[in-house]
Each structure stands twice: as C-alpha cells, then as structure tokens.
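Architecture and fold: a report
Residue-level listing of the chains:
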Amino acid sequence: ITKDIRESAKVAQELGVGIEISRIPDFSNIDTNIDNIIKELKNSLLNFNVERTLHAMFFDLSIASQDAAIREISKKRHRQSLKVAKEIGAETIVFQSGFKGMKHKVSQEKFKNKSIIFWKEFAKELEDLNITAVIENVLEITPDFILDIIKNVNSPYIKASIDTGHANLVSHIE
C-alpha cells in the first residue's frame, strides 16, 4: 500500500490535483495498530504537497443502529478515522451515510434522527480540528436523507458528497 500511495501522490502532485486515500490500510487491526498505520501513511505522503482526503472506515458500521453497542463501535471507528485524517494532514474526510435502503418510513425517520444527533456532536470535533466531513451516498435513491442531515446539523464542517457509482447502482434509470 505504501508504494501505491506514494505513486498516486506523485502523479497527483504532477497533475496539480489532490489525492483521496480510499481505504485505511490494515484496518482489521486498527485498535492495536493505529499508530503504525498513521506512521505508514505519513511516510507515504511525506514529500508530496497535495490536498489530502481520507475515506473513513465503513465496513459493518452504523452510527444510527438500534443496537447501542453497534452505535458505540461505529462512533469509535469514526473518531479513529478522524484521528488518521488529522495526522496525515487531510482537509476532508469522507463518511458513508450508513443508510441501508430501508423502505419503512418510521425506520427511515428513526435512522435519520439518530444520524442527526451523532453528526451534531461530531461536528464539534471536526471544527476543533478544522477538518470537513462529507457524507457520501450509498443506497439513497434521492439526496433527501443526506440533505436533511446537513440542514439539521447546520455546520460548515458537514457537507455532502455524491458518489456517482453508488448513485448508478440504486438508480431507476435504464
């Protein structure tokens, strides 16, 4: 991974564009290995002056889960991702919305309301670090879910990101 990131950063610098690190390497050992992961990423980007974006961890996470234990580990992973972003000098961090495509309106509202509570709290941490989070669509058919979160949180540190690949996966366009 280190070699790939170095090569990507070199190309980005030559083109005058930024780089998104789309995966935190070896995140399966994040609790015991976070300092080494940060060191590896920092070393990979050491000689490159490019804008950096980090894609936060997203596997098996749900900040708005009905299960409090899942919510807590999800919050922990979001904070760990934020720590990595800070340490590598990322200005932006991408978080997936966590929306699971549920069709039941009451479930959607509960999920959205819990998401808003999380993002209002998390916005303070983003502001302290001067890092912008963008909430990325995954299974949303319309932008309404993410837009409602952004409007209700009302922070300049929380914005939206459109992943066109995800959008095409759930699109009804033929």
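Residues numbered from 1 in each chain as written. Predicted model: local features only at pLDDT ≥ 70, side-chain atom pairs only at ≥ 80, totals over all residues. Heavy atoms only, no water.

Okay, the pattern of salt bridges next. Using the criterion set out here, one finds nine salt bridges in the structure. Here arginine 77 and aspartate 31 are joined by a salt bridge, their closest N and O atoms 2.9 Å apart. Residue arginine 77 is found in helix α3 (residues 68-88), and its partner aspartate 31 is found in helix α2 (residues 30-45); the two are separated by 46 residues along the sequence. For lysine 42, the salt bridge identified is with glutamate 87, shortest N-O distance 3.6 Å. Of the two residues, lysine 42 is situated in helix α2 and glutamate 87 in helix α3; the sequence distance between them amounts to 45 residues. Residue glutamate 87 is classed as partly exposed on the basis of its relative accessible area of 26%. If you follow the salt bridges from partner to partner, you end up with Asp31, Lys76 and Arg77 in one network. (Salt bridge = Lys/Arg side-chain N within 4 Å of Asp/Glu carboxyl O. Helix = DSSP H or I, 4+ residues; strand = E, 2+ residues; numbered from the N terminus. Buried < 20%, exposed > 50% of the residue type's maximum accessible area, 1.4 Å probe, protein only.)

Among the nonpolar cores identified, the biggest contains 45 residues, and Leu54, Val84, Ile88, Ile93, Trp119, Leu126 and Ile158 are the most heavily contacted of them. For this core, the secondary-structure elements that each account for two or more residues are α1 (2-15), β1 (19-21), α2, α3, β3 (92-96), α4 (105-129), β4 (132-136) and α5 (144-153). Of the residues forming this core, the biggest block, seven residues, is contributed by α4. (Core = buried A, V, L, I, M, F, W, Y, C linked by side-chain atoms within 4.5 Å.)

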